[in-house]
Amino acid sequence: MTALGRPQFLLQFSEVLVKWRRFFNLLAAQQGKSGMDALEQKLELEQLKVRIAWSNTQSRDVTEVKTIDLLDWNSLINDRTKISNLLVIPNVENGQLEPLLRKFTVEEEKQMKRMLQRVDVLAKHAVDNGVRLMVDAEQTYFQPAISRLTLEMQRIFNREKPIIFNTYQCYLKEAYDNVSVDVELSRREGWYFGAKLVRGAYMYQERSRAEEIGYEDPINPDYEATNRMYHKCLEFVLEEIDHNRKANVMVASHNEDTVKFTLGKMNEMGLSPTEKKVYFGQLLGMCDQISFPLGQAGFPVYKYVPYGPVNEVIPYLSRRALENRGFMKGSQRERSLLWKELKRRLLNGQILYKPVY
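Residues numbered from 1 in each chain as written. Predicted model: local features only at pLDDT ≥ 70, side-chain atom pairs only at ≥ 80, totals over all residues. Heavy atoms only, no water.

Let us look at the overall build of the protein chain. Within the protein chain, the secondary structure is distributed over 12 helices and 10 strands. Scored against the burial criterion, the 357 residues of the protein chain give a buried share of 45%. Looking at the protein chain as shown, the accessible area adds up to about 19600 Å², and 53% of this sits on carbon and sulfur atoms. (Helix = DSSP H or I, 4+ residues; strand = E, 2+ residues; numbered from the N terminus. Buried < 20%, exposed > 50% of the residue type's maximum accessible area, 1.4 Å probe, protein only. Areas by Shrake-Rupley, 256 points an atom, 1.4 Å probe, with all protein chains shown as cover.)

In structure tokens:
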């Protein structure tokens, strides 16, 4: 998304969304509801000592409710008539919405609108060509805005089938809350949920920035915690698919245990690979011992191809290698499996192999 316009806009918009969410968490804590999962936190309206305009609330009739959850809260800043109107934050002391930036220049407004127009063009092109558009995840200081813009595209383009996919980085502590909140929103508004689940790409950068600026480290403490988060998010989305078949998920992972976990859950739920609700993705040149058997068994499998200037692609590939600690071990195993398969084919006269599908 940062390639489509000014990253500064995403930074500013993200700051608004983060502060807006923190204000909700503060009010929840004041009502003794901290530590709960995001959707379990419901604010009692009678206890709120702030004045907030409810004219933009979309998900419920305000006259009939006594509590609001995070989705209702987020709907308060759904006014899309003027982008700069979104860049307001609540003042904790008086409850009034105050502008984060006092004024946007005419040029800044134009740059923001051009960014949204480019996103719209890409989404329409995906629809016209019958392909899915997966919006990549980036650093946490951009990600809230990226996710929000992606959600807006899902609302528009995912009415009949999942075209737009958001990416969830499971090395983040808030990954499950983000997935569960977005799934619930898709249920309430009746559109198809699409997710790509990854472990994450900016661990060292995120941690150094958190230490430098002085905020809580957003990353899970270790690799095992990230694995648990990945499987928790994945199981939640698979259950949503099992429940109403209106969700799709891309399991973007080089981890064999994660692939086995997915296959086991699909088998338990009776999810057939031919339904094409669950996809698998690995980087081109990595973990072919996972990709090819899945493809030959009829699962939708994709090989991810990065391209661009060498000075940009090499650092990207280096990050992928750092994420996959068993990369060299996996390569050795893949080589061993290739030799074993070659010998089997030679001995059985099966030089050519025809996939199941």
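Most of strand S6 (residues 164-169) sits inside the fold, with 6 of its 6 residues counted as buried. Going residue by residue along S6, you find Ile164, Asn166 and Tyr168 tucked away on one face and Phe165, Thr167 and Gln169 tucked away on the opposite face as well. As paired elements, strand S5 (residues 133-135) and S6 share 3 bridges and run parallel to each other. Paired with Leu133 across the strands is Ile164, a residue of S6. Judged from the 4 bridges that link them, S6 and strand S7 (residues 193-198) form a sheet pairing that is parallel. Following the sheet pairing, Thr167 is matched in S7 by Lys196. Note that the unit made of S6, helix H6 (residues 175-189) and S7 has a crossover that is right-handed. (Pairing = 2+ DSSP bridges. Right-handed = clockwise from strand over helix to strand, strands pointing away.)

Among the structural elements, Gln139 can be located in the loop between S5 and helix H5 (143-157). Between the C-alpha atoms of Gln139 and Met203, which are 64 residues apart in sequence, the distance is 9.2 Å. Ignoring anything within four residues of it in the chain, the contact list for Gln139 reads Tyr202, Gln205 and Glu206. (Contact = heavy atoms within 4.5 Å.)

Looking now at a nonpolar patch on the surface. Residues Trp339, Leu342, Leu346, Ile351 and Leu352 make up a contiguous nonpolar surface patch of about 590 Å² in total accessible area. Structurally, the position occupied by Ile351 is in the segment after helix H12 (327-348). (Patch = residues over 30% accessible without salt bridge, like charges linked within 9 Å, V, L, I, M, F, W, Y side chains within 5 Å. Salt bridge = Lys/Arg side-chain N within 4 Å of Asp/Glu carboxyl O.)

One broad rule of soluble globular proteins: the nonpolar side chains tend to lie buried together. Among the nonpolar cores identified, the biggest contains 43 residues, and Phe193, Leu197, Cys233, Leu238, Ile241, Val249 and Val278 are the most heavily contacted of them. With 8 residues, helix H8 (residues 223-244) is the single largest residue contributor to this core. If we ignore the near neighbours within four places in the chain, the residues touching Val249 are Phe165, Ala195, Leu197, Leu234, Val237, Leu238, Ile241, Lys277, Val278 and Tyr279. (Core = buried A, V, L, I, M, F, W, Y, C linked by side-chain atoms within 4.5 Å.)

Attention now moves to the packing of helix H9 (residues 256-269) against helix H10 (residues 288-296). At a minimum axis separation of 10 Å, H9 and H10 run at an interaxial angle of 20°. The angle between the axes of H9 and H10 places the two elements in the roughly parallel class. Crossing geometry of H9 relative to H10 is assigned as right-handed. Contacts between H9 and H10 involve Glu256, Val259 and Leu263 from the first element and Gln289, Ile290 and Leu294 from the second. Among the residues making up the contact of H9 with H10, the classes are represented as 4 nonpolar, 1 polar and 1 charged. (Axes fitted to C-alpha atoms, helices over the stretch in contact; angles between N-to-C directions. Parallel < 35°, antiparallel > 145°, perpendicular 65-115°, else oblique. Left-handed = near helix turned anticlockwise from the far one by under 90°. Nonpolar A, V, L, I, M, F, W, Y, C, P; charged D, E, K, R; others polar.)

Below, the discussion takes up the packing of helix H1 (residues 7-30) against H5. Packing of H1 against H5 leaves a shortest axis separation of 7 Å and a crossing angle of 90°. Relative to H5, the element H1 lies roughly perpendicular. In contact with Phe9, Leu10, Phe13, Ser14, Leu17 and Val18 of H1, H5 contributes Gln143, Pro144, Ala145, Ile146, Arg148 and Leu149. Its residues assigned to classes, the contact of H1 with H5 comprises 9 nonpolar, 2 polar and 1 charged.

Moving on to the confidence of the model for the protein chain. Scored by pLDDT, the protein chain has a mean of 81; 80% of the residues are at 70 or more. Under a pLDDT of 50 for its full length, residues 50-62 has, in the predicted model, 32 contacts with residues more than four places off or in other chains. (pLDDT = per-residue confidence, 0-100.)

In this model helix H4 (residues 106-128) runs 33 Å from its N-terminal to its C-terminal C-alpha over 23 residues, within 8% of the 33 Å that 1.5 Å per residue would give. Listed as buried for H4 are Glu109, Met112, Met115, Val119, Ala123 and Ala126. (Expected span 1.5 Å × (residues − 1).)

Reading across from one edge, S5-S6-S7-S8-S9-S10 is the order of the 6 strands in this open sheet, with parallel pairing throughout. The sheet is open, and its two borders are formed by S5 and strand S10 (301-304), each paired with just one other strand. Taking the axes of each pair of neighbouring strands and ignoring which way they run, one obtains an average angle of 25° across the sheet. The sheet contacts of H8 involve S7, strand S8 (247-252) and strand S9 (278-283), and relative to S8 the element is tilted by about 150°. This element, H10, spans S9 and S10 of the sheet and lies at about 150° to S10.

What follows covers H9. In this model, H9 (14 residues) spans 20 Å end to end at C-alpha, consistent with the 20 Å of a helix rising 1.5 Å per residue. For H9, the complete set of buried residues consists of Thr258, Val259, Thr262, Lys265, Met266 and Met269. Burial along H9 is one-sided: seen end-on, the buried residues are contained in an arc of 130°. Facing away from the buried surface of H9 by more than 90 degrees, the exposed residues are Asp257, Lys260, Asn267 and Glu268. Close packing links the buried residues of H9 with H8, S8, S9 and H10. At the N-terminal boundary of H9, the capping side chain belongs to Asn255, with an oxygen 2.9 Å from the backbone nitrogen of Asp257. Positive phi appears at Gly270, one or two residues downstream of H9, with a value of about 75°. (Arc of directions from axis to C-beta. Polar contact = N/O pair within 3.5 Å; in protein donor to acceptor, adjacent residues only side chain to side chain.)

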